[in-house]
Amino acid sequence: MSLLTALHLVISYTLLMYVISNDGMQSNDILHRFSDYIRRFNKSYEYGTMEYKKRESIFEQTIRRIEWLNKHRNSSQAALYGINQFSDLTPEEFKKYTHLVKFNNTGKKGNLLQSKLLGDPKILKSLPKRVDWREKKVVTPVNNQENCGACWAFSSIETIETMYALKTGVLEKWSVQQVVDCAAAPNRGCGGGDTCLTVEWLYESGVKIVLAEDYPFTGVTGACKQDVISSKTTSIAKNFTCDSFVGEEYLMLLHLAHHGPLIAAVDATGWQDYLGGIIQYNCDSERNHAVQIVGYDLTGEIPYYIVRNSWGSEFGNDGYLNIIIGKNMCRIAEEVSAVDVI
């Protein structure tokens, strides 16, 4: 674990202890803490209203849940849970941030990872202990999908951004909104989508992705704009893939080390209270979200993926999560996509 990550966990734990006390919670304690929460996260609940009372009650339930989760931490590197921007939502309301339309598409385009890497046994032996593509300056800042369930579009475009930077030496922000508006059914904009079908559509349609500044994100599904003029465009190459690597996660590490980031469909149900650390348990429901994997770390006791989310930089570890390698935790190895650009 890096010094920055360790410092982040210490700070997060301090904030958590400010909010949660082992001595029990009185009504006045909850009221005070909820008032602090409203100010800290710029919420707009008016004191005394029914909505205020409802959110206060949900907030108290969240604290109880966080207490339980943190009591089951098995090491200082384990995931830490606490108060964040989602603490006033019920688990059902939180689901609006996890919109993935699920289809059985894995394996349709062969196995890019095996065909590129397994032919040379020396590559596996030379696997670096740590890879983080952010350090190469080829990863754009963390995005915020807001109330738009377009994680599938964000993770796809984010990976295209990195692959374009690796190919050209220039890091650009490409248009997520173009994919939200234009991707073929059954993708449905902010109502959800599928990462495998997205990369397939990007190739089959030959769509030229434009710069984000020319087709900016709006947070809602709009009509597809076919006539956007952009100073630059890009598109994905034929050798994209979508595969399952359950039981073969070392192939994902090989790809991350020798090719670039990956797109992954995951289970984010248990992420509502995440602050930092390595997720090792309580993350095995259905795939309902999509993320970008930008690296991994094998140097500590617990090996983990470095996972970029799209809920803003306030979430987790500056917008990122760490997920244990080798256990298909959060379903991270079940539907993995890779792309190149032309």
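Model, not experiment: these values are computed from the prediction. (Residues numbered from 1 in each chain as written. Predicted model: local features only at pLDDT ≥ 70, side-chain atom pairs only at ≥ 80, totals over all residues. Heavy atoms only, no water.)

1. Points about the state of the cysteines
Joining two cysteines, a disulfide is a covalent bond between their sulfur atoms.
Next, step 1: Applying the stated criterion across every chain, the model contains four disulfides.
Next, step 2: Note on cysteine connectivity: Cys 283 is disulfide-linked to Cys 330, with sulfurs 1.8 Å apart. Since a negative S-S torsion denotes a left-handed disulfide, the Cys 283-Cys 330 link at about 115 degrees is right-handed. One end of the pair, Cys 283, is in the loop between strand S8 (278–279) and strand S9 (289–297); the other, Cys 330, is in the loop between strand S11 (320–324) and strand S12 (336–338), and 47 residues separate them in sequence. We note that Cys 283, like Cys 330, is buried.
Next, step 3: Look at the chain and number its bonded cysteines as they come in the sequence; the links are 1-3, 2-5, 4-6, 7-8.
Next, step 4: The thiol of Cys 151 is not disulfide-bonded; the next cysteine sulfur, from Cys 148, is found 9.0 Å away. (Disulfide = S-S within 2.5 Å. Helix = DSSP H or I, 4+ residues; strand = E, 2+ residues; numbered from the N terminus. Buried < 20%, exposed > 50% of the residue type's maximum accessible area, 1.4 Å probe, protein only.)

2. Regarding the confidence of the model for the chain
Next, step 1: Per-residue confidence for the chain averages 87 on the pLDDT scale, and 85% of its residues sit at or above 70.
Next, step 2: For the stretch residues 10–24, pLDDT sits under 50, and the model shows 25 contacts to residues farther than four places along the chain or on other chains.
Next, step 3: For the stretch residues 105–119, pLDDT sits under 50, and the model shows 46 contacts to residues farther than four places along the chain or on other chains. (pLDDT = per-residue confidence, 0-100. Contact = heavy atoms within 4.5 Å.)

3. Describing the pattern of salt bridges
Next, step 1: Enumeration according to the criterion identifies 16 salt bridges in this entry.
Next, step 2: In this structure, Lys 43 engages Asp 88 in a salt bridge whose closest nitrogen and oxygen atoms are separated by 3.3 Å. Here the residue Lys 43 occupies a position in the loop between helix H2 (27–40) and helix H3 (50–71), and Asp 88 occupies one in the loop between strand S1 (80–81) and helix H4 (91–94), the gap between them amounting to 45 residues.
Next, step 3: A salt bridge links Lys 95 to Glu 92, with the shortest nitrogen-to-oxygen separation between them at 3.5 Å.
Next, step 4: Each of Arg 130, Asp 132, Arg 134, Glu 135 and Asp 297 takes part in salt bridges that share partners, so that together they form one network. (Salt bridge = Lys/Arg side-chain N within 4 Å of Asp/Glu carboxyl O.)

4. Some remarks on the pairing of strand S10 (residues 304–308)
Next, step 1: For S10, the buried fraction is high: five of the five residues fall into the buried class.
Next, step 2: Pairing of S9 with S10, which is carried by five bridges, proceeds in the antiparallel orientation. By the bridge assignment, Tyr 296 is partnered in S10 with Tyr 305.
Next, step 3: Between S9 and the antiparallel strand that follows it, S10, lie six residues.
Next, step 4: Pairing of S10 with S11 involves five bridges; the strand directions are antiparallel. When the bridges of S11 are listed, Ile 306 appears paired with Asn 322. (Pairing = 2+ DSSP bridges.)

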